[in-house]
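# Structural features, examined
The primary structure of each chain is shown beneath.
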Amino acid sequence: MGKVEDLVIYVNSGMDNPKNQYASYVIAFAAKQAGVPTVTVFYGPNGVEVTKKGNLATLAIPDEVKTLIAGQFEGLKPEDLPDNLEQLAMFEKDELGVNIYSCGTFNVIDGFATSIDDKTNIEDFVTPVKVPDAVGVALNADKILWL
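The present account deals with the structure reproduced in this document. Worth saying up front: this structure is predicted, and the values here are computed from it rather than measured. (Residues numbered from 1 in each chain as written. Predicted model: local features only at pLDDT ≥ 70, side-chain atom pairs only at ≥ 80, totals over all residues. Heavy atoms only, no water.)

## Quick word on the overall build of the chain
Each helix and strand counted, the chain has 5 helices and 5 strands in total. Secondary structure elements in the chain, listed N-terminal to C-terminal, are β-α-β-α-α-β-α-β-α-β. Taking the principal axes of the C-alpha coordinates as reference, the chain spans close to 45 × 40 × 25 Å. Sequence-distant contacts in the chain: of pairs separated by 6 or more residues, those separated by 24 or more amount to 75%. Accessible surface, the chain: about 7,500 Å² in total, of which carbon and sulfur atoms supply 53%. (Helix = DSSP H or I, 4+ residues; strand = E, 2+ residues; numbered from the N terminus. Contact = heavy atoms within 4.5 Å. Areas by Shrake-Rupley, 256 points an atom, 1.4 Å probe, with all protein chains shown as cover.)

What follows is the structure in structure tokens.
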């Protein structure tokens, strides 16, 4: 297989598996550092609860973890890293161009959205998508990592 052009990190676990949440954003960061042009963090049916406003902010990045992660990337210092995953997600979306999607259908089924486009209770940096678009994200990917 050639160079990956389109990577999807499919997160189908919730707040009960915080390591998967940390891993998704570290992998997204590493993929962008490796030159993957399109990187998407996609929250599937069992992961959409993570997209509720404030949930990612509860997942702190302790100083010792910042030191551990920064030590694995050339030029990255622990103080460059944010204090929680909400801040990291916003940085990755705004500065690195990482797409962050959730399955809007399950936002509604889980009861924190009234329609697929309702972002009232969803983080501003997350784009809820319809089922055909969610399928398209997967079908267009060169590589999908499951968390």
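## Concerning a nonpolar patch on the surface
Taken together, the side chains of Val-131, Val-135 and Leu-139 present a nonpolar region at the surface, about 280 Å² in accessible area. Position of Val-135 relative to the elements: it lies in helix H5 (residues 131–140). (Patch = residues over 30% accessible without salt bridge, like charges linked within 9 Å, V, L, I, M, F, W, Y side chains within 5 Å. Salt bridge = Lys/Arg side-chain N within 4 Å of Asp/Glu carboxyl O.)

## Some remarks on the nonpolar core
Membership of the largest hydrophobic core comes to 34 residues, with the highest contact counts inside it found for Tyr-25, Val-41, Phe-42, Tyr-43, Leu-56 and Ile-100. For this core, the secondary-structure elements that each account for two or more residues are strand E1 (6–11), helix H1 (18–33), strand E2 (38–43), helix H3 (85–96), strand E3 (99–103) and H5. Those residues in contact with Tyr-25, other than ones at most four positions away along the chain, are Val-41, Tyr-43, Leu-56, Leu-88, Ala-89, Glu-92 and Ile-100. (Core = buried A, V, L, I, M, F, W, Y, C linked by side-chain atoms within 4.5 Å. Buried < 20%, exposed > 50% of the residue type's maximum accessible area, 1.4 Å probe, protein only.)

## Looking at the pairing of E1
Burial analysis of E1 places 6 of its 6 residues in the buried class, the great majority of the element. Neither face of E1 is left uncovered, since the one carrying Asp-6, Val-8 and Tyr-10 and the one carrying Leu-7, Ile-9 and Val-11 both have all their residues buried. With respect to chirality, the unit in which E1 leads through H1 into the neighbouring parallel E2 is right-handed. Both E1 and strand E5 (residues 143–146) contribute to a ladder of 4 bridges, which runs parallel. Paired with Tyr-10 across the two strands is Trp-146, which belongs to E5. (Right-handed = clockwise from strand over helix to strand, strands pointing away. Pairing = 2+ DSSP bridges.)

## Quick notes on the environment of Asn-12
When you line up the elements, Asn-12 lands in the loop between E1 and H1. For Asn-12, a relative accessible area of 28% translates into the label partly exposed. Taking the C-alpha atoms as reference points, Asn-12 and Val-50, 38 residues apart in sequence, are found 9.9 Å from one another. Beyond its immediate sequence surroundings of up to four residues, Asn-12 is in contact with Gly-44, Pro-45, Asn-46, Gly-47 and Leu-147.

## Comments concerning the packing of aromatic side chains
Counting across every chain of the model gives 3 aromatic pairs. Pairing Tyr-10 with Phe-42 gives two aromatic rings, centres 5.4 Å apart and planes at 20°, and the pair type is stacked. A residue pair is termed long-range when its members are at least 10 positions apart, and Tyr-10 in strand E1 and Phe-42 in strand E2 qualify at 32 residues. Of the residues examined, Tyr-10 reaches a relative accessible area of 18% and is grouped as buried. Residue classification places Phe-42 among the buried residues on the basis of a relative accessible area of 4%. (Phe/Tyr/Trp six-rings, centres within 6.5 Å; stacked < 30°, edge-to-face > 60°.)

## Thoughts on the sheet that holds E2
Taken together, the 5 strands give an open sheet; going across it, the order is E4-E3-E2-E1-E5, and neighbouring strands pair in parallel fashion. Two strands in the sheet have a free side with no partner beyond their single neighbour: strand E4 (127–129) and E5. This sheet shows a mean twist of 25° between the axes of neighbouring strands, independent of strand direction. In the sheet, E2 pairs with E3 via 4 bridges, with the strands oriented parallel. Looking at E3, one finds that Thr-40 is bridged to Asn-99. Where H1 meets the sheet, it contacts E1, E2, E3 and E5, and its direction lies at approximately 170° from that of E2. (Axes fitted to C-alpha atoms, helices over the stretch in contact; angles between N-to-C directions.)

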